[in-house]
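Each chain, letter by letter, is given below.
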Amino acid sequence: MTSSYSARFITFEGIDGAGKSTHIGFVADYLRQRGVPLVCSREPGGTSLGEKLRELLLHEKMHLETEALLMFASRREHIAQVIAPALARGEWVISDRFSDASFAYQGGGRGMDLRKLEALEDWVHPRLQPDLTFLFDVPLAVARARLDATRSLDKFEQEQADFFAATRNEYLRRAAQFPQRFRIIDSTQSIADIQIELAGLLDVLLDALPENGFASD
């Protein structure tokens, strides 16, 4: 099906346990029902090389700057192989995390100098930013309870409360810095209520296209 909608890039962000992954499938299905061709992907990962790097990043201990460099290396491959080609074809891209996650986790949680992350961002994707970012926000205690109840934890999920507090704070700082593309979702709501909110936000985006659309940063 050919879509009349301009290509758009949507990202999902939030601390581990915020519940964002639960809603990616809903958003993809909702858009497809409106005739939008799209690609779903994730970071780190999204490509053959990216998935190999994901295993290292989630399970191997490494220097902070090595971690950040590998995150952006995976991201560069993701952009080259998945994101940029899909957008060029007129398709929408939905990604579970993008560079906001590096600012939140390596910058906020790990304490890396944000100027170094800004330099990497400017190098890897100087003209590409999401058109819309859903930030799923939840209190730390709720996030931890969800993680403990679902699966074995990777190295990030095993971090202590102060790490996640700093990560969450950096996410909220980014949202305040770029309010035109961030939409903060209260992830303590029921799944049904969150999906109603997401549908409403997507309708606003769809109704604004193709003439207007959300402005990129």
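Residues numbered from 1 in each chain as written. Predicted model: local features only at pLDDT ≥ 70, side-chain atom pairs only at ≥ 80, totals over all residues. Heavy atoms only, no water.

## Notes on the packing of helix α1 (residues 20-33) against helix α8 (residues 191-207)
Part 1: Here α1 crosses α8 at 40°, and the two axes come no closer than 10 Å. By the criterion of interaxial angle, the relationship of α1 to α8 is oblique. Of the two elements, α1 crosses α8, and the hand of that crossing is right-handed. Contacts between α1 and α8 involve Thr22, His23, Phe26, Val27, Tyr30 and Leu31 on the former and, on the latter, Ile191, Ile194, Gln195, Leu198, Ala199, Leu202, Asp203 and Leu206.
Part 2: Tallied by class, residues from the contact of α1 with α8 come to ten nonpolar, three polar and one charged. (Axes fitted to C-alpha atoms, helices over the stretch in contact; angles between N-to-C directions. Helix = DSSP H or I, 4+ residues; strand = E, 2+ residues; numbered from the N terminus. Parallel < 35°, antiparallel > 145°, perpendicular 65-115°, else oblique. Left-handed = near helix turned anticlockwise from the far one by under 90°. Contact = heavy atoms within 4.5 Å. Nonpolar A, V, L, I, M, F, W, Y, C, P; charged D, E, K, R; others polar.)

## Here's the deal with helix α7 (residues 161-177)
Part 1: End to end, α7 covers 24 Å across 17 residues, agreeing with the expected 24 Å (1.5 Å per residue, within 8%).
Part 2: Along α7, the residues classified as buried are Phe163, Phe164, Thr167, Glu170, Tyr171, Arg174 and Ala175. Looking down the long axis of α7, one finds its buried residues gathered within 140° of arc, a one-sided arrangement. Residues of α7 that are exposed and angled more than 90 degrees away from the buried face: Ala161, Asp162 and Ala176. (Expected span 1.5 Å × (residues − 1). Buried < 20%, exposed > 50% of the residue type's maximum accessible area, 1.4 Å probe, protein only. Arc of directions from axis to C-beta.)

## Some words on the pattern of salt bridges
Part 1: Throughout the structure, instances matching the rule amount to 19 salt bridges.
Part 2: We note a salt bridge from Arg110 to Glu159, for which the minimum N-O separation is 2.6 Å. Here Arg110, found in the loop between α4 (99-109) and α5 (114-124), pairs with Glu159, found in the loop between α6 (140-150) and α7; they are 49 residues apart in sequence, far enough to count as distant.
Part 3: Of the charged contacts, one joins Arg168 and Asp137 as a salt bridge, the two residues approaching to 2.8 Å between their closest N and O atoms. Placement of Arg168 in helix α7 and of Asp137 in strand β4 (residues 132-137) is noted, with a sequence separation of 31 residues between them.
Part 4: Assessed through its relative accessible area of 17%, Asp137 is described here as buried.
Part 5: One network of salt bridges, in which partners are shared, links Glu67, Arg110, Lys155 and Glu159. (Salt bridge = Lys/Arg side-chain N within 4 Å of Asp/Glu carboxyl O.)

## A short note on the nonpolar core
Part 1: Counting 42 residues, the largest nonpolar core has Ile10, Leu31, Trp92, Ile94 and Phe134 as its most contacted members.
Part 2: Residues Val82, Val93, Phe98 and Phe103 belong to the second largest nonpolar core, which totals 16 residues. (Core = buried A, V, L, I, M, F, W, Y, C linked by side-chain atoms within 4.5 Å.)

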